[in-house]
Amino acid sequence: MINFKSFKRIIPFGFTGAMAILVLGLSCNDQEDEKVDFNAEVRPIINNKCISCHGGVKQSGKFSLLFESEALAATKSGEPAIVPGHADESEMIKRILHEDPEVRMPPEGPPLDPKEIDILKKWINQGAKWEDHWSFIPPTDKEIPEISESGWTDNPIDAFVLEKMEEKGLSPSPQAPAATLARRLSLDLTGLPPTPEMVKKLEESPELTTYEELVDELLASPQYGERWAAMWMDLARYADTKGYQKDRHRPMWKFRDWVIDAFNADMPFDQFTIEQIAGDLLPNPNKDQLIATGFHRNTMTNDESGTDDEEFRVAAVLDRVNTTWEVWQGITFACVQCHSHPYDPIKHEEFYEFYAFFNNTSDADTWTDSPTMPVYTKIEEQERANILHWIDSVKSASPKTNYQFAHQIEEKEAELKSIRPDPLPVMEELSADERRQTFVFERGNWMEHGKEVQPGVPGSMPKFSDTLPNNRLGLAKWIVSDDNPLTARVTVNRIWAQLFGRGIVETQEDFGSQGFEPTHPELLDWMAVNWMKEQHWQLKPLLKMMVMSATYRQSSELSKEALDKDAANYWLSRGPRVRLTAEQVRDQALAVSGLLSKKMFGPSVMPPQPDGVWQVINNPEKWIESKGDDKHRRGIYTYWRRTSPYPSMVSFDSPSREFCVNRRIRTNTPLQALVTMNDPVYVEAAQALALKMKAAGSTLDEQLKEGYELALFKQPKPQVLNSLKELYQTAYLHFEANGEGLENLGKQETDPSINALTMVANSILNLDGFITKD
Amino acid sequence: MNLFEEVIYKNAELNTRRHFLKKCLSGMGGLALGSLLGSSLTSCGSNDPTGQMADLNNPMKALPSHFIPKAKRVIYLHMAGAPSQLELFDFKPELQKLNGLDCPPSLLEGKRFAFIQGTPQMLGPQYQFKQYGQSGAWVSDRLPYFSQNVDDVSFLKAMHTDEFNHAPAQLLMQTGSARLGKPSIGSWVTYGLGSENQNLPGFVVFVSGGTTPSAGKSIWGSGFLPTVYQGVQCRSKGDPVLYLSDPKGVSRELREKTIDIINDINRQQYQEVGDPEIMTRISQYEMAFKMQVSVPETMDISDEPKYIHEMYGTEPGKSSFANNCLLARRLAEKGVRFIQLYHYGWDSHGSNQKESLHHGFNDRCQEVDKPMSALLQDLKQRGLLDDTLVIWGGEFGRTPMRENRGGKEMKFQGRDHHLEAFTIWMAGGGVKPGLSYGETDEIGYYGIKDRVHVHDLQATILHLLGMDHEKLTYQFQGRDFRLTDVHGNVVEKIIA
């Protein structure tokens, strides 16, 4: 039916325009009354077609669609472009419909399609009501859907997932075999493969209760903290050097150890946050709380001669601002350094208000990295405590005894002094009379000061409560307050992505309007609220809930139906199948071959690395290969030089840690194959595995099965066993004919059977099933 | 390019990745590579992640450009440390007259220098200049071989930059931003165009002069682009590519057998679990095996005839700029897209013998003169210069004043960092030969005509490769990024 009312209105605008609307009116009018969903329908059109000229960067014709107030305000012409309730009086619609392509919006590209125009018109006719982007609206406790699938009713995660799955016409996969499940679980919770005993236990009694015992055991193991700290290191941009040209050594390891301890102790995430951002501002902070502030001292320091210290101090503060937003809020704040956010409701000035929170620490890009605090390794701490205790007890005895022991006391004190601390950079607030003023930087240029600003948070975010101190501590508390809409969602999503290979919001780094929409918004909100309220910001219960779910326990095998309907597994109708991280690839090879050292904490170590990789100007520091066990420590303890990170890890997508990285993009390249085939570390692991195989039995079958099982926790199928045997035989003949044998790391092996088994082990450690968590 | 090829290009353009990208507004840029696991099937269209999917199993696959390219590949000779334009190409007789006089205050007001303090003295050109070739280009006597090739070269004499410290200036030159974290130009080019040879890395880096440039490996890093696009450093000692050679005692046949078995078992795995990523892994192992042959073959220059070695001044097995130039030609022949050479040691402050115009600088000139000239001639005689763009230059220029670190006269002669004027040259790949573009004032302090900013140079390089620098974008952190940020104008006048 033609809407005569709007027909009349459009007559003055010319015949062509009238015709266009007439056609639209005909095609879409029957839905006139259906309420337009701003976020789902209108915002995508605005963001894709309008915002680059009418947003945070440009406001052509003084018209911006970023904020409601701006969109409804008068434009350059003096009139508003949107008249709520009257689409056909709105200049915005007139320009979109204009017949002259020179005048029609958008000026580049094709005109909007009729469906889009219709949505915009209806939206204006319905009052042009604005709605915040979903992630800026605090999550509410969502109702758990009712479902009937057996085994899927106990865990709320499953209810949400199953509902979506059914909506998409998919059905869940059966549970993964016990061994696969044990391996998946162990890799996820500790970053290491399970022990054969764990697998056996679950295989023998595959009930949920046994599985739960395994979950609890893994969550309680010290390796849990190492695995989750490895994730946090990318966010904290942790490195053992300062970055920039000289990239000299910086002793940050105590901060890394603090993170491992915090994860192992299951420190609630709100406290974890407060201590890292503002541990120094807590009342009477203890040593650990000061160590935690190392988080924001992982910014780079420029020691190149001729550089301006203030320029790089500013760069460090900017990095703290951007990192804080990226880690806790999943919002890309960096754009706002130069102009208002192009898509999200954050103003240029607000960036510098936030910057003001961080602009008053005493560090200033000096080569000493001051302020620092002396830190000791855990062993040194113990030694110091013993000595101090001895001295105290002697001194507190009678003065006579004191005199008698004077020489020994002297010796002990000398011993105490010989334990040298490392200076760990920490945060320290400037005193009241030294405080810096903060200005807006025009176009992001630190030398062009605009107006002065005071500390504050963006207006589109929850209010900064008057009860909070107006400093970093208040800011940290604001970030973890219950009404912050982003912190819990972003964190829960990050943890989810670690297990499932992809976040519910795939763009973990961007919860803004240009990021992906969540696939399971209700589930994300329910988990976020439940985590804050019921799980008290603790990660272990959250992880436990996730890994106990039937969703997680599904087999990862991919059916033809699933490949057609949901190749990328957005709707979770199967378990995760994901290549392991750089650290996990290394740790796993060392673990299954029995080489892995379980030594924890302390200064970073230097496992074998090819000669000549480190070549840095004016820097005498050298890669000195660690000895003994230290060659086989977990990846998290590998020395990290920003300008030349450990090459085999970079091949597996580790970032350089020059800045915060929220999500590693996984690649699959030939260079990775070269690492796992030829890097001496992996060859050494193959040699060690070969020896285990050799010792497992007298027949070749037994030996090959042992190798395969140690790595993959299952028996090789006959066909696989045949392939391995074929390789063994070819290799054996090769080594037998070639008297020289296999050489690695300066060691020569002449026994052809061990060499042949090493080649088999080398191939096992390169199998897709080994490199992949499935 | 004939008409037929042109038609194919036009058609292909409609379906390029960038075209696809342009329609995408997904968080990761909608870039969909088979080998970007997990995110491999990113969406297109709205922000609904499950929309249209793309399948690109090979991230280095050669892709069509935006328009018909003049250059198919790039050899970029970066002189790290910044050579003095005043001792090589930008001849200033007026500066000679001012030699030893105090620098007028007008040149110093409001300027920031890395080391100059107080009032420095002017420093005349330290070497003799002559004009060469049909084009009459001025070149100093430090480059006797190169001066015979000036008619193939286009000089950009009024280059300028924003940064006067090495690391940020190198980053700006190579990544378009003085801050860390942006993709290098080679990464952008291979992301946009892939590479013509799948058995060699698409973006190869060589370093000579004893050390990595100041900015470290970030200048060939992939920034926010997938790591598959970062430069692969080929080394002249040890493995040319890290972990390329098999452990001692493993023969070629045995490695082949191992990979066959790995791939056999992986194929069985694929039959069982159906994950397409397994097929990608199989092809990566095959490629690794091919690289194990093709990289050492390409890197072994001992099979070159004697006259070639004499021409370049190469010695097989040695680590040198000369060897790297010859390797660059060999890679260019094999269709590698972007070949980046760094030669370290041009920082001629005068603060010590190594860093002075009469010693270190002189040595560097001798090291590069013959090989870079040979490279131009060799490419030309093989018909490769037409579609290979060769670029030579540092990250900034040097001051017409003599450096006086700490306000004192130094024992050796040298010049401070200078961002207002420097010279680079380009050859082949659609650049006008025998041209001198841009002018500096009479003392070479400031560009006065046809100034070219670093971003303009980058826009021009992409243009010659057939890409619009404003359209080669990647979405990261919610916005489209490009090599030239929001800047850059193509220098049309140097294009043939």
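Refer to the structure printed above.
Residues numbered from 1 in each chain as written. Chains lettered and ligands numbered in written order. Predicted model: local features only at pLDDT ≥ 70, side-chain atom pairs only at ≥ 80, totals over all residues.

### Re the overall build of chain A
Okay, so step 1: Each helix and strand in chain A was counted, giving 33 helices and eight strands.
Okay, so step 2: Here chain A has a C-alpha radius of gyration of 31 Å; the compact-globule value for 774 residues is 28 Å, and the two agree.
Okay, so step 3: For chain A, with 774 residues in total, the buried portion stands at 51%.
Okay, so step 4: Considering only contacts in chain A between residues 6 or more positions apart, those separated by 24 or more positions represent 68%. (Helix = DSSP H or I, 4+ residues; strand = E, 2+ residues; numbered from the N terminus. Rg over C-alpha atoms; globule rule 2.2 N^0.38 Å. Buried ≥ 20, exposed ≤ 12 C-beta atoms within 10 Å, placed from the backbone. Contact = placed C-beta atoms within 7 Å.)

### Looking at the interface of chain A and chain B
Okay, so step 1: In this complex, chain A contributes 85 residues to the contact, which on the side of chain B involves 75 residues.
Okay, so step 2: Where the side of chain A that touches chain B is concerned, the elements lending two or more residues are helix H3 (38-50), strand S5 (578-579), helix H27 (647-651), helix H28 (670-678), helix H31 (718-737), strand S6 (742-744), helix H32 (752-764) and helix H33 (768-771) of chain A.
Okay, so step 3: In terms of residue count, the dominant contributor to the side of chain A that touches chain B is H31(A) (nine residues).
Okay, so step 4: The residue makeup of the side of chain A that touches chain B, split by class, is 32 nonpolar, 33 polar and 20 charged. (Nonpolar A, V, L, I, M, F, W, Y, C, P; charged D, E, K, R; others polar.)

### Some points on unusual backbone geometry
Okay, so step 1: That bond from A:Met105 to A:Pro106 is cis: its omega, -10 degrees, falls within 30 degrees of zero.
Okay, so step 2: Checked against the element boundaries, A:Pro106 lands in the loop between helix H5 (91-97) and helix H6 (114-125).
Okay, so step 3: Cis peptide bonds are those with omega within 30 degrees of zero, and the linkage from A:Ser370 to A:Pro371 qualifies with -5 degrees.
Okay, so step 4: Relative to the assigned elements, A:Pro371 resides in the loop between helix H16 (348-358) and strand S1 (372-375).
Okay, so step 5: Although it is not a glycine, B:Asp450 sits at a positive phi angle of roughly 50 degrees.
Okay, so step 6: As for its position among the elements, B:Asp450 is in the loop between strand S14 (447-449) and strand S15 (452-453).

### Focus on the environment of A:Glu383
All names here are of chain A.
Okay, so step 1: Position of glutamate 383 among the secondary structure elements: in helix H17 (residues 378-396).
Okay, so step 2: Given 15 C-beta atoms within 10 Å, glutamate 383 falls into the partly exposed group.
Okay, so step 3: Glutamate 383 sits 317 residues away from leucine 66 along the chain, and the two C-alpha atoms are 60 Å apart.

### Some words on the packing of H17(A) against helix H19 (residues 406-418) of chain A
All names here are of chain A.
Okay, so step 1: Where H17 meets H19, the closest approach of the two axes is 10 Å, and the angle between their N-to-C directions is 155 degrees. The angle between H17 and H19 falls in the class roughly antiparallel. As H17 runs across H19, the sense of the crossing is left-handed. Of H19, the residues touching H17 (which contributes Arg384, Ile387, Trp390, Ile391 and Val394) are Ile409, Lys412, Glu413, Glu415 and Leu416.
Okay, so step 2: A class-by-class count of the residues in the contact of H17 with H19 yields six nonpolar, no polar and four charged. (Axes fitted to C-alpha atoms, helices over the stretch in contact; angles between N-to-C directions. Parallel < 35°, antiparallel > 145°, perpendicular 65-115°, else oblique. Left-handed = near helix turned anticlockwise from the far one by under 90°.)

### Focus on helix H29 (residues 680-695) of chain A
All names here are of chain A.
Okay, so step 1: Between its terminal C-alpha atoms H29 stretches 23 Å, which fits the 22 Å expected from 16 residues at 1.5 Å a residue.
Okay, so step 2: Looking at H29, one finds that the buried residues are Val681, Tyr682, Val683, Glu684, Ala685, Ala686, Gln687, Ala688, Leu689, Ala690 and Met693.
Okay, so step 3: In this structure, the buried side of H29 is in contact with helix H26 (582-592), H28, helix H30 (700-712), S6, strand S7 (747-749) and H32. (Expected span 1.5 Å × (residues − 1).)

### What about the pairing of strand S2 (residues 129-132) of chain B?
All names here are of chain B.
Okay, so step 1: As defined by bridge partners, S2 adjoins strand S3 (residues 137-140) across four bridges and the pair is classed as antiparallel. Within S3, the residue paired with glutamine 131 across the bridge is tryptophan 138.
Okay, so step 2: The antiparallel hairpin formed by S2 and S3 contains four residues in its connecting segment, where glycine 133 sits at a positive phi of about 65 degrees. (Pairing = 2+ DSSP bridges.)

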